[in-house]
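# Remarks on the overall topology
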Amino acid sequence: MIQSAEFHKKISRINADYFAFPDRIFALKKGEKLVREGEASKRLYLLLSGNVIAYRHRRDESGERIPDSLYQVFRAGPGSYIGVQSFFSRLFRSSCEIVAETNIEVAYIDETVEAVEPEKFGSLIEQFVPTMVHELALRNSRVFEHAAEKEAAIHRMHRSEMSATLGQLAAGLAHELNNAVGVLARKTDFVSAFIEEFLRSFGKREAELFCRGRDNQAVYSSEDLRSRAREYERLFKISQPAAKVLARIAPHADSAKELDRKILSDIENLARFWEIGHDIRDMQLAAKHAAGIVRSVKILGGGNIRREAGTDVHESISEAVSLLKPQLRGKNLVAELGNAATFPKIFGDMTELVQVWVNIVKNACDAMNLAGTPEPTVRITLSHSRENISVAINDNGPGVPVSLKEKIFQPDFSTKKSGLSFGLGLGLAIVRRIVDDYGGSILLDSVPGSTTFTITLPIDKPQ
Amino acid sequence: MEKITILCVDDQAEVLDSVVRDLRPLQAFFRVEEAGSADEAKKILDEICRNGDYIGLVISDHVMPGETGVELLGAIFRDDRFADTKKILLTGQANHADTIRAINEARVDNYFEKPWKPEDLVATAKKLLTQFILKKGIEYKDYMPILDQAALLENLRGA
Amino acid sequence: MTKVKALKGLIALALAVGCLFLPYESFGVVLNAVEIRVIAIFVLAALFWILEPFPIWTTSMFVIVLMLLTVSDKGLMFSFGGDTLFSMQTDPATGEKFSNLVSSKGLMATFADPIIMLFLGGFFLAAAATKYKLDMNLARFLLKPFGTNPKFVLLGLMTITAVFSMFMSNTATAAMMLAILAPVLSMFDESDKGRAAFALAIPIAANVGGMGTPIGTPPNAIALKALADMDASVSFGTWMLFGVPYVVILILLSWLLLLWLFPISKPKMELNVGGEFLKTPKAIIVYVTFTVTVLLWVLGKDIVGIDSNIVAMIPMAVFALSQVITKKDLNGMSWDVLWLVAGGFALGVGLQKTGLAEHLIGAIPFASWPAFGLMVGAGVICLFMANFMSHTATAALLVPIIAAVGGSLGGSLDGLGGVTALLVSVAFASSLGMSLPISTPPNALAHATGLVDTKGMAKTGVAIGIIGMVLTYVMMIVLAHLGVFTPAKTTDAASVSAQGTTIVAPVATTAAPVAK
């Protein structure tokens, strides 16, 4: 828009010369019509106070008005000219219906008005050129604004639609997967039970080794295992695979010697039964693991949100962590959660809480990946007071620049080129919305190397 | 017969176990060692070197706590002691940049995506170990049943 | 080194040491310490080569070193303050230096023997041919006329393999041909017995083809060397004169045998060998040098005046100067084969120069034995051993002994072709051992394809071994009648020892002039 002082001076002179005559000033009440669409209008108005709205009917192909298709064309405030097009084009027919949005006061000129000092300022039309330009520019910028607004609205709609669809998709998928994983888990148990039974009738030692493999809980460091396996390989003159199995069965050479002598003498053969047992164990663990992920996805994707008292914050954090396992691989996760039993349960919804943690942790992971942070670490710390609980999620990534601190909570903000990785929603915007909704607060404290989001939520339902 | 070791590296115990089990057909001829991290892998490598044995092949995952697989394989590539050692990157999570680094900085001989087909992994391991044995001038006759035919014939042609 | 191998090595060593303390006098031979040491070294070499506690070429190298230390004129001795405390060179009984020590230079020279050079020349030709794809391109070119009928493709493959292995190592040839064959064989039905025919054809043809020229396989070189030492040299051209027809006949018989044992059901097959003849200057140097060298070998010194060993060095110079063969190629050659052969030569030197051969032969009345029986017996032992151990090692062990025996027989062998026929037949017998996967590297390669089982290999291997031996003797007799071979100079032993045998004077033949 042209905004020079000279231009302003010109406009002010025109307004003073032409629109300052009380006989050509009148007022309208809110809702009254200044001009009707398609009707003759030989005046050029200047809005002195109040707002007006311009409406127009949509036209069909032959140019006829479509009934009930009224839409808003523009809205104007004090200082705006109305009827510029009909007045200067000498059509004297209004293209819009102008309605007073508030009580308004308008001044006008019509075709009978003579030009003031034409020898100095030129003809009437020449004098009004700045007005026309002003008006055109105004309208132009209005159109742009309008388009941008519309674009943003569509974008917003799109994203919420997308996340809704993904949510549904995830929920559907989770349901299907849940069944499949359930079958796998159950059938593994059946197979395991059958093998055990069969082996018992087949040979005591085979069955024993099978069960030892399946029920193996001992966790040894791989270094221990290796050195022990090497020791057994030499000591008992057995093959490397058999020695590895023996190393897991017997924690030291003496306990290996104490094993049933028949087991030791036939370890090459029996090792396989231990391995099969161990395979069954791995299958059971994998099924359990998969079931956990499916449950988390279901929680996130399933849209039925019901906030209620007694929601477990601990549980929501472990759901979030298991859901983010792929993102957290290769990173250190330090969770200082304290005692789950004594930690207050809050009024809230599991899905929403999980969404909050997932989005913050995921954001941290993405930032650290992008920056290639060495020894990336995510630290989750829980604390509470009488009224509130606080969850602090800290990462040692590059940090959020001061200029972006507000922006990152806006729906369309992203530092990532390709947005869709998990499609859980709108990232930090969702966090902000949910936390606001709970009557909680988000504190962002960021310097390079340490970024902490502290979410504080009230324990009880906000009044 | 020389002691030639295949070293498998993965931080997920079950996955590591599967890799080792898939390599069972090779265990009559090669030792198979397993490591849960790059650090541990390096310790094993040093140990085997001290014993004067060969590291024929390293199969490593990429995403692991601590050093990544690509970094580990890169370190092996730059280490004179392992100049002929073959390297396989076995991963589900390497992005484009990692893959480029794996080729440029670690000269991996093969790239497997998880989940892998056991028979493909074994065939590739055989091929690479055959090349290793021939390159090192180890008596190949001892390994005849396990060697990759095409690689062997290709090498003997020039003999 | 595994325990089994260590055990084998120890057993061999113990037996060899035991040989030092045998009561030879009671066997009717008088031997001095040097000769007994040679016997021990011989036994050690034989056991090392049979049991293979070490790669066979290392045994060869060890044999040479051991001989230098114990039976050479520069043998091991310890002295302290001017007094000799211990010496391998002096007889502890008399305190005098042994008179039958071997020249250390002579032992070392075994590695630079003209026949080693002949072989090295062959290596240069083969390396250049492989490097400039002459082998592959020739294979493609030569295979074309055999069409697409699998039976004739099989014959074509055998022919080409045989021809190549006359100039290249049997192993390299087999490896190349199996590589060409592998993609085609995978298209055969699992049930098609023909797959075995193809897989077997390659090692058979590679082993048989090696007999065609002196450089085809190391046993030929070892026999040639023994003959040269007895002034009964066989020229390159002469060897090919009987070797090539022999290969042709044996390949044809093997082909028929394979078709009979493993009928091919696939009606049509096509071998695709890619590429085209290179036309770069270096490639052309290779083609020309190859052709000229082979021509010079065949024409022999009767026409061009240079013998085949010297001819072999021409491509070495040409390829080195033109950088067809680079330092890396040179370093990559099969020096182990040359060491293996040199070890065999050294054993021969030890046997002859210490007088051990003379003494042993003096003790055993070989000359009274039927000459033909001896020839067949030698061949059978050789064939048997070659099935279980390296062909070269077999020849390295047996050729020196048989050469000594043959020399003692004098003229009684002449009707069969003399000592030349005897040693050639021994060389052939060592190449015919091919009934097991471990018999030869080509067999091992074919077996490793998984297309042929040990039983199938044994059946054909034994059959071809027997057919080949019969064919060898028939041919030797025919050649003797044609007067192709030079009669050997009989050793002194023969004339002094043979009790109750007539000594027939060498019959001069016109076919080849006696050297020296």
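Residues numbered from 1 in each chain as written. Chains lettered and ligands numbered in written order. Predicted model: local features only at pLDDT ≥ 70, side-chain atom pairs only at ≥ 80, totals over all residues. Heavy atoms only, no water.

### So, the nonpolar core
Heads up, the rule is: We define a nonpolar core as any set of buried Ala, Val, Leu, Ile, Met, Phe, Trp, Tyr and Cys residues linked to one another through side-chain atoms lying within 4.5 Å. Exposure classes here rest on a 1.4 Å probe applied to the protein chains alone. A residue is buried below 20% of its type maximum, exposed above 50%, and partly exposed in between. In this text, helices come from DSSP runs of H or I with a minimum length of four residues, and strands from runs of E with a minimum of two, each type numbered from the N-terminal end. Domain boundaries shown here were taken from an automatic or database domain assignment. Any two residues whose heavy atoms approach within 4.5 Å at even a single point are treated as in contact.
In terms of nonpolar packing, the biggest core is built from 211 residues, with Ile6(B), Trp49(C), Leu154(C), Phe198(C) and Leu423(C) touching the most fellow members. At 13 residues, the largest contribution of residues to this core is made by helix α11 (residues 236-261) of chain C. The two domains that each donate at least three residues to this core are domain 1 (1-75 + 346-364) and domain 2 (112-331) of chain C. For Ile6(B), the residues in contact, after removing those within four places along its chain, are Leu23(B), Leu26(B), Phe30(B), Arg31(B), Val32(B), Glu33(B), Leu57(B), Ile59(B) and Leu129(B). In this structure, Phe343(A), Leu353(A), Val356(A) and Val391(A) belong to the second largest nonpolar core, which totals 43 residues.

### With respect to the interface of chain B and chain A
Formally: Once two parts are put together, the accessible area they lose, assessed with a 1.4 Å probe and summed over both, is termed the buried area. Here a salt bridge means any side-chain nitrogen of Lys or Arg lying within 4 Å of a carboxyl oxygen belonging to Asp or Glu. Polar contacts, as used here, are pairs of N or O atoms within 3.5 Å; protein pairs need one atom able to donate a hydrogen and one able to accept it. Residues neighboring in sequence count only if both atoms are side-chain atoms.
Chain B puts 24 residues into the contact, and the matching count from chain A is 16 residues. Taken together, both faces of the contact between chain B and chain A bury some 1800 Å²; the carbon and sulfur share is 28%. Our count for the contact surface shared by chain B and chain A stands at 11 salt bridges. The partner of Glu47(B) in a salt bridge is Arg230(A), and the shortest N-O contact between them spans 2.4 Å. At the junction of chain B with chain A, the criterion picks out 11 residue pairs in polar contact (both at pLDDT 80 or more). Where the side of chain B that touches chain A is concerned, the elements lending two or more residues are α1 (13-22), β2 (31-35) and α2 (38-50) of chain B.

### Examining helix α19 (residues 391-409) of chain C
All names here are of chain C. For the record, the criterion: By this rule the span expected of a helix is its residue count minus one, scaled by 1.5 Å. The angle separating two fitted axes, one through the seven residues that finish at a residue and one through the seven that start at it, defines the bend at that residue.
Taking 1.5 Å per residue, 19 residues should reach 27 Å; α19 reaches 26 Å between its end C-alpha atoms and fits that length. Helix geometry: α19 is bent most strongly at Leu398, by close to 30°, with proline Pro400 lying one to four residues after it. Most of α19 sits out of view: 18 of its 19 residues are buried. The distance from a side-chain oxygen at the start of α19 to the backbone nitrogen of Thr392 is 3.2 Å, and the residue carrying that oxygen is Ser390.

### Description of the environment of Pro53(C)
With respect to the helices, strands and loops of the structure, Pro53(C) is situated in the loop between α2 (33-51) and α3 (56-70). As for Pro53(C) and Lys3(C), which are separated by 50 residues in sequence, their C-alpha atoms are 9.9 Å apart.

### Some thoughts on the pairing of strand β3 (residues 54-60) of chain B
All names here are of chain B. We count it as follows: Any two strands between which DSSP finds at least two bridges are classified as paired.
In terms of burial, β3 is largely enclosed, as six of its seven residues are buried. Bridge analysis of strand β1 (residues 4-9) against β3 gives six bridges, and the strand direction is parallel. In the sheet register, Ile6 faces β3, and the bridge partner there is Leu57. Relative to strand β4 (residues 86-91), β3 runs parallel, the two being bridged by four bridges. Residue pairing across strands places Val58 opposite Lys87, the latter belonging to β4.

### Let's talk about the packing of α11(C) against helix α22 (residues 454-482) of chain C
Residue and element names in this part refer to chain C. To keep it simple, the criterion reads: Axis angles are defined between N-to-C directions and span 0 to 180 degrees, where every axis is a line fitted to C-alpha atoms and, for a helix, only to the segment in contact. Here is the rule for angles: anything less than 35 degrees is roughly parallel, anything more than 145 is roughly antiparallel, 65 through 115 is roughly perpendicular, and the remaining ranges are oblique. Crossing handedness: left-handed means the near helix sits turned counterclockwise from the far one by under a right angle, and right-handed means the same turn made clockwise. Lys, Arg, Asp and Glu make up the charged group, whereas Ala, Val, Leu, Ile, Met, Phe, Trp, Tyr, Cys and Pro make up the nonpolar group; the residues left over, Gly among them, are polar.
Where α11 meets α22, the axes come as close as 10 Å, and the angle between the chain directions of the two elements is 150°. Considering the angle they form, α11 stands roughly antiparallel to α22. α11 and α22 meet at a crossing whose hand is right-handed. For the pair formed by α11 and α22, the contact residues are Phe242, Tyr246, Ile249, Leu250, Leu253, Ser254, Leu257, Leu258 and Leu261 on the first element and Lys459, Thr460, Ala463, Ile464, Ile467, Gly468, Leu471, Thr472, Met475 and Leu479 on the second. Broken down by class, the residue content of the contact of α11 with α22 amounts to 14 nonpolar, four polar and one charged.

### Some remarks on the pattern of salt bridges
Pairs can form between side chains of opposite charge once their charged atoms are near each other. Enumeration over the complete set of coordinates arrives at 40 salt bridges over all chains. Measuring nitrogen to oxygen at the nearest pair gives 2.6 Å for the salt bridge that ties Arg21(B) to Asp279(A). With Arg21(B) in helix α1 and Asp279(A) in helix α10 (residues 267-301), this pair bridges two chains. Residue classification places Arg21(B) among the partly exposed residues on the basis of a relative accessible area of 24%. Here Arg81(B) and Asp79(B) are joined by a salt bridge, their closest N and O atoms 2.8 Å apart. Ionic contacts of the salt-bridge type, sharing partners, join the residues Arg230(A), Glu233(A), Arg31(B), Glu33(B) and Glu47(B) into one network.

### Thoughts on the sheet that holds strand β5 (residues 110-113) of chain B
The strands that make up a sheet pair up through hydrogen bonds in the backbone, lying either parallel or antiparallel. All names here are of chain B. Read from one edge to the other, the open sheet built from five strands follows the order β2-β1-β3-β4-β5, with strand pairing classed as parallel. Because the sheet does not close on itself, it has two edges, and the strands there are β2 and β5. Across this sheet, the average inter-strand angle for adjacent strands is 20°, counted without regard to direction.

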